[in-house]
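Chain residues, written in single-letter form:
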Amino acid sequence: MGKSKTFEILKQSGVWGALEHIIDKKAHKGGIYALLQRLMMAQILRKLDSAHSNEMILFCKKHHIYTTNPTFLKYFAKEYDNIKLWLASQSFLEKYANHPYPPLLNPDTLDYEQISPQIAWELNIPLPPYYKFIYFGSHASGNRGLNHFVLNCGGMDYIRYLSSSKIIYEKYWEQILSYHYTMPPHFGYLSIREYMKDKDSNKLYALIPQTKALNLIRDPISILKSGINFRRKRLQMAQEENLSFALSPDFICENLIGYNGYDAHNDESTFGKEDAPCFETIRGSLKYNFTDFHDTDLRKALINIADEDIICIDMSEIVDKRAFETMNTLAKAFSFPTPKPSDKEKFEVNVSYYEGLLPLVFRVQTEQKSIALHLIDKIFALDERIYVKVPVDEVDIWQHKNVFEHYQDITQFLFNQDNFYERIIVCIEKKDFEILKENKKVCDEIKAYLLTFIPRLEEQRKIEESKKLSEEQILQYLHTHKELALQAKAVFEKHLTFLASVRPDIIESWKYYQEFLAMCEEIS
């Protein structure tokens, strides 16, 4: 078990530092922790600047700044005069006087490299504007496909970190600055696919500055279908990237995939425990709008984004032959490189073809070290970038860090062919290939195993495909579960309020949703 953050702070900063951390962490609950936080903050400010401490304490109270972080308070005390000048300026009054979280320093003159995200958060500094656009929407709406097509145009997404809104802001900040200076000719965009509802969520969304935005939407019945059919890695060794040739291909493939479900007794979703898609998953999708059916809520939260700066597209526009032209349109709208005509076929692929089945990592022992073999879908090997983890699927905020010329495709070296089933390739870190290519015995073991395993994996893909449920089956299920259907109708209507106000034509074009609405009228 890993050591707690409090323990680490205790080792590094002593008892006082650990106490500050605990108090800041629990102060939002009120009571004694909130009181101690205010008292400790006041004491620190008096030590830093006794002459102005009372004024600074009142300022912090007015702007809801409560922290015992000494690094921030030192910075605040040093910049206090500049803060006052900025808040009294005409520029501030014109732009931010009515903003719920006005920046306490001028973002236009700020050197983002010289300020930490923790300090920036306390001062309400908007995220560094180093990205082409933001992309928001619900899960199961074509995110994996859109992300992949933007990758093919040179894009790299800044993604959320599954934590509190404050930590998400900090991780966004770190990603933006880390990639911004090394990115050209590639570009970044901000991906917002979950709807946060903690104590700081309004502030998080308010600190995303004005920019152009893309909202990808989909027929709600089709969203339910994707959620029900979503394949997860269930086998723990596959999750831990620690598969071994000692495991039989049958064992791995038969135990690899699990599906989401719903525990009626505890009234909560389950993840990856089911052997096949199940209709009860719908209850979880409707209950939690953290991942699904939250587009109107997200749009309202993004207070700096104007309606006229949002482009709404239906998922059908990025499927098959329509995807290439749609990406050309989006490239012009958001000023990123248009897709190459020679790459047109890359925009017609089914990105989810091996969902849950790939990527896989096998550990192979050589005399020098253990080497990781990555079995991946070749569509994630693009230009000089090879993604051994699937973007969007894998919640890894540094997913772009090691993709540039770090891995090597060794399929041709091992098998004298470019791929298997037109999609599957074998990759390895370049430094490990120098070891592997000198070890014929290990190469022979790899070839012998994978020549059995890969066909068995393809067979499993077909088995899982045969389990899929359709929109028609979902409509039939809802028709026989009337209370659930009416609950779904209320959730969908709230979710689609924004879209109905700007693109009602998209809603009218949805075949299954229109059938669902007619069914609900009949039920009522």
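Quick note: structure is the one above.
Here's a quick rundown of the structure. What you are looking at is a predicted structure, and each value in this text was computed from that prediction instead of being measured.

Parameters and conventions
- Residues numbered from 1 in each chain as written.
- Predicted model: local features only at pLDDT ≥ 70, side-chain atom pairs only at ≥ 80, totals over all residues.
- Heavy atoms only, no water.
- Pairing = 2+ DSSP bridges.
- Helix = DSSP H or I, 4+ residues; strand = E, 2+ residues; numbered from the N terminus.
- Axes fitted to C-alpha atoms, helices over the stretch in contact; angles between N-to-C directions.
- Buried < 20%, exposed > 50% of the residue type's maximum accessible area, 1.4 Å probe, protein only.
- Lys, Arg positive; Asp, Glu negative; His and termini not counted.
- Salt bridge = Lys/Arg side-chain N within 4 Å of Asp/Glu carboxyl O.
- Polar contact = N/O pair within 3.5 Å; in protein donor to acceptor, adjacent residues only side chain to side chain.
- Contact = heavy atoms within 4.5 Å.

1. Topic: the sheet that holds strand E10 (residues 370-377)
Here's step 1: Read across the open sheet, the 4 strands follow the order E9-E10-E14-E13; overall the sheet is antiparallel. Edge positions in the open sheet fall to strand E9 (360-365) and strand E13 (407-409), since each of these has one partner strand only. For this sheet, the mean inter-axis angle between neighbouring strands, taken without regard to orientation, is 30 degrees.
Here's step 2: As paired strands, E10 and strand E14 (residues 424-429) are joined by 4 bridges and run antiparallel to one another.

2. A closer look at the side chain of Arg-218
Here's step 1: Looking at where Arg-218 falls in the secondary structure, it is placed in the loop between strand E4 (213-217) and helix H10 (220-229).
Here's step 2: An unpaired buried charge is present at Arg-218: no salt bridge exists, and Glu-471, the closest side chain of opposite charge, is 4.9 Å distant.
Here's step 3: One polar contact links the side chain of Arg-218 to the main-chain carbonyl oxygen of Ala-140, over a distance of 2.9 Å.
Here's step 4: For Arg-218, the side chain forms a polar contact with the side chain of Ser-226, separated by 2.6 Å.
Here's step 5: In this structure Arg-218 touches Ala-140, Ser-141, Ile-223, Lys-225, Ser-226, Asp-314, Met-315 and Trp-510, once residues within four positions along its chain are discounted.

3. Describing the sheet that holds strand E7 (residues 268-274)
Here's step 1: Ordered by their spatial adjacency, 3 strands build an open sheet running E5-E6-E7, and the pairing between neighbours is antiparallel. The two strands at the open ends of the sheet, each matched to only one other strand, are strand E5 (231-233) and E7. Strand after strand, the sheet turns through a mean of 50 degrees between neighbouring axes, direction not considered.
Here's step 2: Examined bridge by bridge, E5 and strand E6 (residues 257-263) share 3 bridges and lie antiparallel to one another. When the sheet's bridge partners are listed, Arg-232 is paired in E6 with Gly-258.

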